[in-house]
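Letter by letter, the chains look like this.
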Amino acid sequence: MSHRIALASDHAAVSLKAALVAWLREAGHEVVDLGPEGEASVDYPDYGYALARAVSTGEAEFGVALCGSGIGISIAVNRHARCRCALVNEPLSARLAREHNDANVLAMGARLVGIEMAKACIEAFLATPFGGERHQRRVDKLSQPTLD
């Protein structure tokens, strides 16, 4: 099944992003590369917010967010109420993020995962449907926090 996937990174993950963009396109997915293009220093929140916008508006069905550790850009993406970004380092977490949390963005750290592990995480993520049922009420609460 083909998906429309947006990818964004910071300067630390440009090489990983480029490799994943090529791989996803070869696999038949429609890919939106939100940058950056080069390795000059950039601010990960700018690219995380751009990715969140693309996913939340429907420009992309799913997103892949990359930075050195994956932490900063995942925090940026999760600032948007319609995004559920999961930071993962292996395929089981990627699968559970979709199945239990209906994650629509996957985050990884370029300094922590190699290309083959990143591909395995994305494959697991894209192949897994949301489990619904008992998980739905919890996912609904993610978009409507009660911060007393």
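First things first, this report covers the structure right here in the doc. (Residues numbered from 1 in each chain as written. Predicted model: local features only at pLDDT ≥ 70, side-chain atom pairs only at ≥ 80, totals over all residues. Heavy atoms only, no water.)

**Here's the deal with the packing of aromatic side chains**
And then number 1: A complete count under the given rule lists one aromatic pair for this structure.
And then number 2: Seen in terms of ring centroids, F62 and F125 are 5.5 Å apart; in terms of plane orientation they differ by 75°. Their pairing is edge-to-face. Taken together, the positions of F62 in strand β3 (residues 62-67) and F125 in helix α5 (residues 115-127) put the pair 63 residues apart, joining distant regions of the chain.
And then number 3: Note on F125: relative accessible area 2%, which makes it buried.
And then number 4: The ring of F125 carries R98 above its face, with NZ or CZ at 5.8 Å from the centroid. (Phe/Tyr/Trp six-rings, centres within 6.5 Å; stacked < 30°, edge-to-face > 60°. Helix = DSSP H or I, 4+ residues; strand = E, 2+ residues; numbered from the N terminus. Buried < 20%, exposed > 50% of the residue type's maximum accessible area, 1.4 Å probe, protein only. Lys NZ or Arg CZ within 6 Å of the ring centre and 35° of its normal.)

**Some remarks on the pattern of salt bridges**
And then number 1: Here the structure, examined in full by the defined rule, presents six salt bridges.
And then number 2: Across the pair E30 and R4 runs a salt bridge whose closest N-O atoms are separated by 2.1 Å. With E30 in strand β2 (residues 30-33) and R4 in strand β1 (residues 4-9), this residue pair connects regions lying 26 residues apart in the sequence.
And then number 3: With its nearest N and O atoms 3.6 Å apart, the salt bridge here joins E116 to K119. On the criterion of helical spacing, the pair formed by E116 and K119 is a turn pair, its members being three residues apart in helix α5. (Salt bridge = Lys/Arg side-chain N within 4 Å of Asp/Glu carboxyl O.)

**Here's the deal with α5**
And then number 1: Taking 1.5 Å as the rise per residue, α5 with 13 residues should run 18 Å; its terminal C-alpha atoms sit 18 Å apart, in good agreement.
And then number 2: Among all positions in α5, only A118, K119, C121, I122, A124, F125 and L126 are buried. (Expected span 1.5 Å × (residues − 1).)

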